[in-house]
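Structural overview for review
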Amino acid sequence: MEIITNPLQAHVMSVSSLNLFAKSPAEYRQHILNPKSIDASYFTKGSAVDCLITEPDKFDEQFAVIKTGKPSGMMGDLCKMMYDYQQVNQDNLPEETLFSLAYKKSGFKLKEESIWKKYQDSKIQQYMNFLKNSKGKTVIPEGDLEQVKDVVAILKGCSATKFYMKECVDHPLMDVYDQLYIEFEYDGIKCKGTLDRVIIDHTNKKIIPTDLKTTGKSVLEFSNSFIKFGYFRQAAFYTEAIRQWHKRSPSSGNSPKNDISAYTMDPFKFIVAEMACSHKPVVYGCSIRDINMATHGGVLKTGEYVKGFAELLEEVKWHRDTDDWLTTYDHAMSYQNENCVVLDVFN
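Right, let's walk through the structure included here.

Section: the overall build of the protein chain
- Helix and strand counts for the protein chain stand at 16 helices and ten strands.
- Projected onto its principal axes, the C-alpha positions of the protein chain cover 65 × 60 × 55 Å.
- Here the protein chain holds 347 residues, and 41% of them are scored as buried.
- When the accessible surface of the protein chain is split by element, carbon and sulfur atoms take 50% of a total near 20200 Å².
- A distance of 4 Å separates the average location of the 42 positive side-chain charges in the protein chain from that of its 46 negative side-chain charges.

See the structure below:
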């Protein structure tokens, strides 16, 4: 008899799933049981920068550059729906039927016949053919790619970042691991993570873990993003991943290729660049205190308490044991101790 594994019990935890769980166990449960693809088009330029820095040979495999321009507004939304429908059209429904479905969801006020004529425009059809021929790739406009190349150039040329982005790759006594995937276990729970770049400095016998971030805001405001998007938790989670990784014996598997078990580890660093290149990129290093707090939980300077990844993993274990995903751990403990959820809003 085939044993069906409960995905909530077997799911390997990542930073993104931990952050979703921290927001709501119920939303985490829904995502695991009914995963949906997320439209991450706003990440495209950042992903392209990542690729050109860490995996330039794979750029053409992952990205398709469009020169004709992408339809905007509701027409752009309709084109995306049409493309998605075409990918799952196993019953070979006619294009007109797919269009009617997309039209009804798009929100156009004009009549369907008028929008159909606009959709048949040669430029729109050229775009649709481009999408069809670029299946599996991320589409990036030519103008955006030029901006991406400017960011890559400043990252490789800036005095603060060129060591991490360029010089380490060319150094004969350094190993560079790009897009390093690590599987590890913490407190009995399986975890995984992919680090943008890990530098092994054999001269100074140290490990330098880094993550590349691009932003549409000023690099001077990164501390706000560090908190808002849970990057503090990412830094601690990846620090634990690297701590376990660098203690493993060298092999061809999920471990270093050289014996680095006696090397020391630098604090986790974020290499942050603006897409507008209004300021030079900045290297932000995490303090030991921040890593400890992001692991076990702590109070921000704003006075807000945030949970560390170790706390969240402990709560994941509780939810798995009880199979209760519609109540938060904190509420369950409050009911257990006080028979209600206690409101405590004043300092």
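A look at the packing of aromatic side chains
- For the coordinates displayed, the defined rule picks out 23 aromatic pairs.
- Aromatic side chains phenylalanine 222 and phenylalanine 226 sit 6.3 Å apart centroid to centroid with 50° between the ring planes, which places their arrangement in the tilted category. A residue pair is termed a helical-turn pair when its members lie 3 or 4 positions apart in one helix, as phenylalanine 222 and phenylalanine 226 do in helix H12 (residues 222–228) at four residues.
- Judged by centre distance (5.2 Å) and plane angle (65°), the ring pair of phenylalanine 268 and phenylalanine 270 falls under edge-to-face.
- Judged by its relative accessible area of 1%, phenylalanine 268 falls in the buried class.

Overview of the pairing of strand E3 (residues 174–186)
- Bridge count between E3 and strand E4 (residues 189–201): twelve bridges; the pairing is antiparallel. Paired with tyrosine 181 across the bridge in E4 is threonine 194.
- Linking E3 to E4, which pair antiparallel, is a turn of two residues; within it aspartate 187 sits at a positive phi near 50°.

Points about the nonpolar core
- Val198, Trp245 and Phe270 are the most contacted members of the largest nonpolar core, which has 46 residues in total.
- Those residues in contact with phenylalanine 270 that lie beyond four places of it in its chain are Asp211, Lys213, Phe222, Phe226, Tyr231, Gln234, Ala235, Val282, Val283, Tyr284 and Cys286.
- Core analysis: the second largest hydrophobic core is formed by 23 residues, Cys51, Leu155, Ile208 and Met275 among them.

Some thoughts on the pattern of salt bridges
- Taken as a whole and assessed by the stated rule, the structure comprises 13 salt bridges.
- Two residues, lysine 58 and glutamate 55, come together in a salt bridge whose shortest N-O distance is 3.4 Å.
- Across the pair aspartate 178 and arginine 197 runs a salt bridge whose closest N-O atoms are separated by 2.7 Å. Of the two residues, aspartate 178 is situated in strand E3 and arginine 197 in strand E4; the sequence distance between them amounts to 19 residues.

As for unusual backbone geometry
- You will see that asparagine 92, though not glycine, has its phi angle at about 55°, which is positive.
- Considering the arrangement of structural elements, one finds asparagine 92 in the loop between helix H6 (73–87) and helix H7 (95–106).
- By relative accessible area, asparagine 92 is classed as exposed at 66%.
- The phi angle at cysteine 277 is positive, at roughly 55°, despite the residue not being glycine.
- Mapped onto the elements of the fold, cysteine 277 is located in the loop between strand E7 (269–274) and strand E8 (282–285).

Quick look at the environment of lysine 109
- Locating lysine 109 in the fold gives a position in the loop between H7 and helix H8 (112–119).
- Judged by relative accessible area, which is 81%, lysine 109 ranks as exposed.
- C-alpha of lysine 109 to C-alpha of tyrosine 186: the two residues are 77 residues apart in sequence and 54 Å apart in space.

Some points on the layout of surface pockets
- Each pocket or cavity is described by its volume, and for the second largest pocket that value is around 480 Å³.
- Residue lining of the second largest pocket: 19 residues in total, with Phe226, Ile227, Asp290, Leu300 and Lys301 positioned closest to the centre.
- Elements with a minimum of two residues in the lining of the second largest pocket: H12, E8, helix H14 (288–296) and strand E9 (298–299).
- Considered class by class, the residues forming the lining of the second largest pocket number twelve nonpolar, four polar and three charged.

Focus on H14
- Along H14, the residues classified as buried are Ile291, Ala294 and Thr295. Buried residues of H14, viewed axially, fall in a sector of 100°; they line one side.
- Looking one or two places after H14, you find glycine 297, whose phi comes out positive at around 100°.

What about the pairing of E4?
- For E4, the tally of buried residues reaches ten of 13 residues, placing the bulk of the element in the interior.
- Bridge count between E4 and strand E5 (residues 206–215): five bridges; the pairing is antiparallel. Bridged to aspartate 201 within E5 is lysine 206.
- Linkage of E4 to E5, two consecutive antiparallel strands, is achieved through a turn of four residues, within which lysine 205 is found at a positive phi near 50°.

Regarding a nonpolar patch on the surface
- Side chains of Leu343, Val345 and Phe346 sit close together on the surface and give an oily, nonpolar patch of about 450 Å² of accessible area.
- Mapped onto the secondary structure, phenylalanine 346 falls in the segment after helix H16 (329–338).
- Phenylalanine 346 gets classed as exposed once you look at its relative accessible area, which sits at 74%.

Comments concerning the side chain of glutamine 244
- Summarising the element assignment, glutamine 244 is placed in helix H13 (residues 231–245).
- Ignoring anything within four residues of it in the chain, the contact list for glutamine 244 reads Phe184 and Glu185.

About the cut-offs
Residues numbered from 1 in each chain as written. Predicted model: local features only at pLDDT ≥ 70, side-chain atom pairs only at ≥ 80, totals over all residues. Heavy atoms only, no water. Helix = DSSP H or I, 4+ residues; strand = E, 2+ residues; numbered from the N terminus. Buried < 20%, exposed > 50% of the residue type's maximum accessible area, 1.4 Å probe, protein only. Areas by Shrake-Rupley, 256 points an atom, 1.4 Å probe, with all protein chains shown as cover. Lys, Arg positive; Asp, Glu negative; His and termini not counted. Charge placed at Lys NZ, Arg CZ, Asp CG, Glu CD. Phe/Tyr/Trp six-rings, centres within 6.5 Å; stacked < 30°, edge-to-face > 60°. Pairing = 2+ DSSP bridges. Core = buried A, V, L, I, M, F, W, Y, C linked by side-chain atoms within 4.5 Å. Contact = heavy atoms within 4.5 Å. Salt bridge = Lys/Arg side-chain N within 4 Å of Asp/Glu carboxyl O. 1 Å grid on protein atoms, 1.4 Å probe; cavity = no way out; pocket = protein on both sides within 12 Å on 5 of 7 lines; lining within 4 Å. Points joined across faces, edges and corners; volume = space filled by probe spheres on them. Nonpolar A, V, L, I, M, F, W, Y, C, P; charged D, E, K, R; others polar. Arc of directions from axis to C-beta. Patch = residues over 30% accessible without salt bridge, like charges linked within 9 Å, V, L, I, M, F, W, Y side chains within 5 Å.

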